[in-house]
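One-letter residues, chain by chain:
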Amino acid sequence: MNTILELEHVVKRFGGLVATNDMSFAVEKGESVGLIGPNGAGKTTIFSLIMGEHKVNSGSIKLHGEELTRLRTHKRIRRGIARTYQVPRPFAEMDVLANIEVGLMPDSIIGMLTSGHSEDEGRAIARSVGLGEGDLHRDPAELSMGDLRKLELARTLATRPQVMLLDEVFAGLTAGEIEQISGLLNEKRQEGLTYVIVSHDLRSLEPLIDSAIAMTQGTLICRGSYQDVMNDQAVRMAYLGQ
Ligand SMILES: Nc1ncnc2c1ncn2[C@@H]1O[C@H](COP(=O)(O)OP(=O)(O)OP(=O)(O)O)[C@@H](O)[C@H]1O
Ligand SMILES: [Mg+2]
């Protein structure tokens with residue numbers, strides 16, 4: 001066992017709402033885990049807590065056994081975690097390539113602007129996610145949802161993560177785009193990346209994951225193989241309503 005990411009008894013409240021209720025789980029290096037649950041279950045909140053975009057009320061989050069809980073987001077990124085957003089969030093005033101280059105140097109936008117090689121690296125990352133040469137100088141506002149999701153992946157890959165948290169990577173995509181992104185994720189996985197993937201599209205998620213975590217109302221209800229989780233009675237009640 002080689003745990004890379006570990007949550008222990010994590011609690012997050014928004015006012016009276018318990019969005020994360022004593023969540024504990026571990027992810028092994030190189031593992032790909034699906035995080036599923038109905039709308040409002042608290043999946044995105046878990047990602048925000050891991051990234052430090054929200055502060056935990058209690059509990060701990062560790063990467064390689066080291067406590068992250070008190071670190072600011074940019075330090076967590078430097079340690080090797082990155083996320084994509086359910087609603088893509090490109091910098092609107094920058095073109096596609098510049099958006100990727102920001103990820104290459106999260107601590108130094110000035111350094112990025114003055115360094116030539118980040119442009120080559122940015123181009124290579126764009127190519128690797130399937131963004132064409134012709135897309136590089138486009139305004140993100142002109143991109144299709146498929147290309148926006150590719151840009152999200154490119155921006156996070158640029159930070160050279162070890163663990164990627166992917167929030168609804170397939171939402172709004174065509175079957176062809178889903179296939180393309182799945183292929184890319186599998187390729188990166190061969191290179192050793194670890195994933196936690198949130199998706200409502202279970203059919204596309206299944207072939208990408210080693211295990212699944214089901215949650216509802218901030219609480220983990222089942223962890224196991226995809227089939228075991230789908231067959232779990234509590235999961236069926238909470239998630240599938242049957
Ligand atoms: N910043 C916030 N302030 C107050 N409440 C919040 C905040 N963020 C999330 N919530 C609430 O926390 C709960 C969990 O939300 P979250 O977005 O994590 O769910 P989710 O599982 O990602 O849902 P979806 O599948 O719809 O994306 C919801 O009840 C939501 O309204
Ligand atoms: Mg969400």
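Residues numbered from 1 in each chain as written. Chains lettered and ligands numbered in written order. Predicted model: local features only at pLDDT ≥ 70, side-chain atom pairs only at ≥ 80, totals over all residues.

1. Looking at the overall build of the chain
Note the following rule: In this description a helix means any DSSP run of H or I spanning at least four residues, a strand means any run of E spanning at least two, and both kinds are numbered starting from the N terminus. With the radius of gyration taken over C-alpha atoms, the globule rule is written as 2.2 Å times the number of residues to the power 0.38. For the exposure call, what matters is how many other C-beta atoms sit within 10 Å of a residue's own: 20 or more marks it buried, 12 or fewer exposed, and in between partly exposed, using C-beta atoms placed from the backbone.
From N to C terminus, the chain includes ten helices and ten strands. Computed over the C-alpha atoms, the radius of gyration of the chain is 18 Å, within 12% of the 18 Å expected from 2.2 N^0.38 for a compact globule of 242 residues. By its C-alpha atoms, the chain is 55 × 40 × 35 Å across when sized along the principal axes. Burial statistics for the chain: of 242 residues in total, 39% are counted as buried.

2. Let's talk about the site of ligand 1
To be explicit about the condition: Only the C-beta atom, placed from the backbone, is used; a residue is near a molecule or strand if that atom lies within 6 Å of it. We call Asp, Glu, Lys and Arg charged. Ala, Val, Leu, Ile, Met, Phe, Trp, Tyr, Cys and Pro are nonpolar, and the rest, Gly among them, are polar.
In the vicinity of ligand 1, the residues found are Phe14, Leu17, Ala19, Gly37, Asn39, Gly40, Ala41, Gly42, Lys43, Thr44, Thr45 and Gln86. Those elements that place two or more of their residues in the shell around ligand 1 are β2 (17–28) and α1 (43–51). Its residues assigned to classes, the shell around ligand 1 shows four nonpolar, seven polar and one charged.

3. Topic: the environment of Ser60
Quick note on the threshold: Whether two residues are in contact depends on their C-beta atoms, placed from the backbone: they are in contact if these lie within 7 Å.
Checked against the element boundaries, Ser60 lands in strand β4 (residues 58–63). Look at Ser60 and you get partly exposed, because 15 C-beta atoms sit within 10 Å. Look past the residues within four positions of Ser60 in its chain and what remains in contact with it is Glu8, Glu67 and Thr69.

4. Focus: the sheet that holds strand β5 (residues 66–67)
We apply this condition: Pairing between two strands is assigned when DSSP locates at least 2 bridges connecting them.
An order of β2-β1-β4-β5 is seen for the four strands of this open sheet, with the pairing classed as antiparallel. Strands at the two margins of the open sheet, each flanked by one partner only, are β2 and β5. Across eight bridges, strand β1 (residues 3–14) lies against β2 in antiparallel orientation. Looking at β2, one finds that Glu6 is bridged to Ala26.

The analysis is restricted to geometry; functional conclusions fall outside its scope.
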